[in-house]
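Read off the chains here:
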Amino acid sequence: MLLIILFVFQKFTGKEKEDFSGVKFISENNIRINLAEFNPNDLDNTQWEQLGFTEKQISTILNYKKIVGGKFISKEQFKKCFAVSSEKYSELEAYILLPETNKEAKSSGFKNFDGKSLIIRNSFNPDHYSQNDWIKLGFSERQAEAILKYKNYLGGSFVSKEKFRECFIINDENYIKLAPYLILQEKTPEHFKNYTKNTNVGKNKIRYHVFDPNTLDIEGWQSLGFSQGQSKVIVNYRDRNLKGSFKNIEDIQKCFVISAEKFEEIKPYIQLNPSTLTKTENEKSEMKQEKTDFSKVDLNTVTFKQLLEFGFDEKAAGSMLGFRKKLGGFVNKDQILTTYNIDKELMQKLLSTAQLNTSNVIKYTLSEAPEEWLKNHPYFKYSADRIIFYRISEKDEKKIWKLLKIKPEYELRMKWYLK
């Protein structure tokens, strides 16, 4: 028996060792992300990293979440975040614990505006609304800022109700409330659809080259893969917001339409040339030297460019012209001083220099003024409904004024625009 055991042992140990050279072990880096159900509102930076997002993408997602009210309410809303590619969204979609659409979120109890309802009193053109106007309407400061950025992305105008509705801040519920008051055309013109079409097609054909962002025009930015609309926004951002030039890399990175991924692509090719910075400043000085004779300028026809030349910043100039448009023209120099965001000392200087021609300002009687005009005019809109009601049965305007019971200073301003 012992001999048999020894024989078997010798036979086994005498075998040649098997060749395992062809066997490959799975690298830890090749292990696919193990996805599980998750709510994107509950994730911290580390958890976003575990889902495969970069540090910059995570920062963008978290900022986007703040902008939409502090939390995502639906998959539809999460998908709109530009840091989440369509491929990545497809990978995650089945695991996201959120309603499919904003509409479903509303019916299931999700809130987007912290329960704050919109206060809409009159019809308005959203193109003329400032950040403060959107806040007064019921949006948060961040939401108001995002709405204005979206408008700038479109080229400075919402164009249509259709385009306005596409703003990710405007959910279905609030759009339904706003739509009847929006002074915009219903549909987007065909030429605008073509204008804003994304040019991602042929992206792989882009050949990057060293470039100075301060010398690129719209076509130059398009050659880097940006759409015509995006290129226009970048040029406007540089020439208007930054006064003519990008001063550093961070200025470029902050531009709304340049995503974090796109910035990383073009960053190695950016070359800021000091000479172009100087040239831009010189050109700006030369523009200032082209002086206008403001003693001959009419405050009811003064242009945006002329106001900048006089020394106002863009915000102040825009506020003055916007106020003038809402009024239908100025009739009293003092009223111009009530413009928001205005440098009053500089404005006093302009008022003492320029003329004011009121001959083209449209005026009505209280009984004949169109309802739309009453409801949109800054001085009449808060009393418009009562005026319309009282004048149905009362033709004597003196009696209408008594019924209105308006403060004398408000009545005086209103009478500036009455025959």
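Keep in mind the model is a prediction, meaning the values are calculated, not measured.

## Some thoughts on helix 3 (residues 55-67)
In this model helix 3 runs 19 Å from its N-terminal to its C-terminal C-alpha over 13 residues, within 8% of the 18 Å that 1.5 Å per residue would give. Those residues of helix 3 lying buried are Gln57, Ile58, Thr60, Ile61, Tyr64 and Lys65. Looking straight down helix 3, one finds that the buried residues subtend no more than 160° of arc, so they occupy a single side. Those residues of helix 3 hidden inside the fold are in contact with helix 2 (45-50), helix 4 (75-79) and helix 15 (260-266).

## Quick word on the pattern of salt bridges
Taken as a whole and judged by the stated rule, the model has 10 salt bridges. Across the pair Lys88 and Glu91 runs a salt bridge, and its minimum N-O distance is 3.7 Å. Of this pair, Lys88 and Glu91 both sit in helix 5 (residues 86-92), 3 residues apart, which is roughly one turn of that helix. Here Glu145 makes a salt bridge to Lys149, at a shortest N to O gap of 3.7 Å. Taken together, the residues span about one helical turn, with Glu145 and Lys149 both in helix 8 (residues 141-153) at a distance of 4 residues. You can call Lys149 partly exposed: its relative accessible area is 34%.

## Notes on the packing of aromatic side chains
Applying the stated criterion to the full structure yields 24 aromatic pairs. Ring plane angle 70° and centroid distance 6.4 Å describe the contact between Trp221 and Phe246, whose orientation is recorded as edge-to-face. Of the two residues, Trp221 is situated in helix 12 (residues 218-222) and Phe246 in the loop between helix 13 (228-241) and helix 14 (249-253); the sequence distance between them amounts to 25 residues. This pair shows no difference in class: Trp221 is buried, exactly as Phe246 is. Seen in terms of ring centroids, Tyr237 and Phe246 are 6.1 Å apart; in terms of plane orientation they differ by 45°. Their pairing is tilted. A relative accessible area of 16% places Tyr237 in the buried class. When its relative accessible area of 0% is taken as the criterion, Phe246 is described as buried. Put simply, the rings of Phe124, Tyr129, Trp134, Phe139, Tyr150, Phe158 and Phe164 pair up and form one aromatic cluster.

## As for the side chain of Asp251
Here Asp251 shows up in helix 14. Of the buried charged residues, Asp251 lacks a salt bridge, with Lys254 as the closest side chain of opposite charge at 4.8 Å. Not counting residues within four places of it along the chain, the set of residues in contact with Asp251 comprises Tyr237, Leu242 and Phe246.

## What about unusual backbone geometry?
For Val159, which is not glycine, the phi dihedral falls at a positive 70°. The phi torsion at Lys405 lies on the positive side, around 50°, for a residue other than glycine. With respect to the helices, strands and loops of the structure, Lys405 is situated in the loop between helix 23 (397-404) and helix 24 (408-415). For Lys405, a relative accessible area of 73% translates into the label exposed.

## Some remarks on the environment of Tyr390
Considering the arrangement of structural elements, one finds Tyr390 in helix 22 (residues 384-393). In this structure, the C-alpha to C-alpha distance between Tyr390 and Ile400, residues 10 residues apart in sequence, is 6.4 Å. Beyond its immediate sequence surroundings of up to four residues, Tyr390 is in contact with Ile400, Leu403 and Leu404.

## Quick notes on the packing of helix 22 against helix 23
Two numbers describe how helix 22 lies on helix 23: the axes approach to 10 Å, and their chain directions differ by 135°. When the interaxial angle is binned, helix 22 and helix 23 end up oblique. Judged by the twist between their axes, the crossing of helix 22 over helix 23 is right-handed. Between helix 22 and helix 23, the residues in contact are Arg386, Ile387, Tyr390 and Arg391 and Ile400, Leu403 and Leu404, respectively.

## Details of the confidence of the model for the protein
Here the protein averages 79 in pLDDT, while 81% of its residues score no lower than 70. Contacts from residues 20-31, a stretch scored under 50 in pLDDT, to residues over four places away or in other chains number 1 contact. pLDDT under 50 marks residues 108-115. Its contacts with residues more than four places away, or in other chains, come to 25 contacts.

## Quick notes on the nonpolar core
Core analysis: the biggest nonpolar cluster contains 42 residues, and Trp134, Phe139, Phe164, Ile169, Ile170 and Leu178 have the highest contact counts within it. Of all elements in the fold, only helix 3, helix 5, helix 7 (131-137), helix 8 and helix 10 (172-178) reach the threshold of two or more residues within this core. Here the element with the most residues in this core is helix 8; it accounts for 5 residues. For Trp134, the contacting residues outside a window of four places in its chain are Phe124, Pro126, Tyr129, Phe139, Ala144, Ile147, Leu148, Phe158 and Phe164.

## Considering the environment of Lys136
Secondary-structure assignment places Lys136 in helix 7. Residue Lys136 is classed as exposed on the basis of its relative accessible area, which comes to 53%. Along the sequence, Lys136 and Ile119 sit 17 residues apart, while their C-alpha atoms lie 7.6 Å from each other. Setting aside anything within four residues of it in sequence, one finds Lys136 in contact with Ile119 and Tyr340.

## Section: helix 18 (residues 314-327)
Taking 1.5 Å of rise per residue, the 14 residues of helix 18 would be expected to cover 20 Å, and the 20 Å separating its terminal C-alpha atoms lies within 8% of that figure. Residues of helix 18 that are buried include every one of Ala316, Ala317, Ser319, Met320, Leu321, Phe323, Arg324 and Leu327, and no others. Where helix 18 is buried, its residues touch helix 17 (304-310), helix 19 (333-336) and helix 20 (344-353). With a side-chain oxygen lying 3.3 Å from the backbone nitrogen of Lys315, the N-terminal cap of helix 18 falls on Asp313.

The rules behind these values
Residues numbered from 1 in each chain as written. Predicted model: local features only at pLDDT ≥ 70, side-chain atom pairs only at ≥ 80, totals over all residues. Heavy atoms only, no water. Helix = DSSP H or I, 4+ residues; strand = E, 2+ residues; numbered from the N terminus. Expected span 1.5 Å × (residues − 1). Buried < 20%, exposed > 50% of the residue type's maximum accessible area, 1.4 Å probe, protein only. Arc of directions from axis to C-beta. Contact = heavy atoms within 4.5 Å. Salt bridge = Lys/Arg side-chain N within 4 Å of Asp/Glu carboxyl O. Phe/Tyr/Trp six-rings, centres within 6.5 Å; stacked < 30°, edge-to-face > 60°. Lys, Arg positive; Asp, Glu negative; His and termini not counted. Axes fitted to C-alpha atoms, helices over the stretch in contact; angles between N-to-C directions. Parallel < 35°, antiparallel > 145°, perpendicular 65-115°, else oblique. Left-handed = near helix turned anticlockwise from the far one by under 90°. pLDDT = per-residue confidence, 0-100. Core = buried A, V, L, I, M, F, W, Y, C linked by side-chain atoms within 4.5 Å. Polar contact = N/O pair within 3.5 Å; in protein donor to acceptor, adjacent residues only side chain to side chain.

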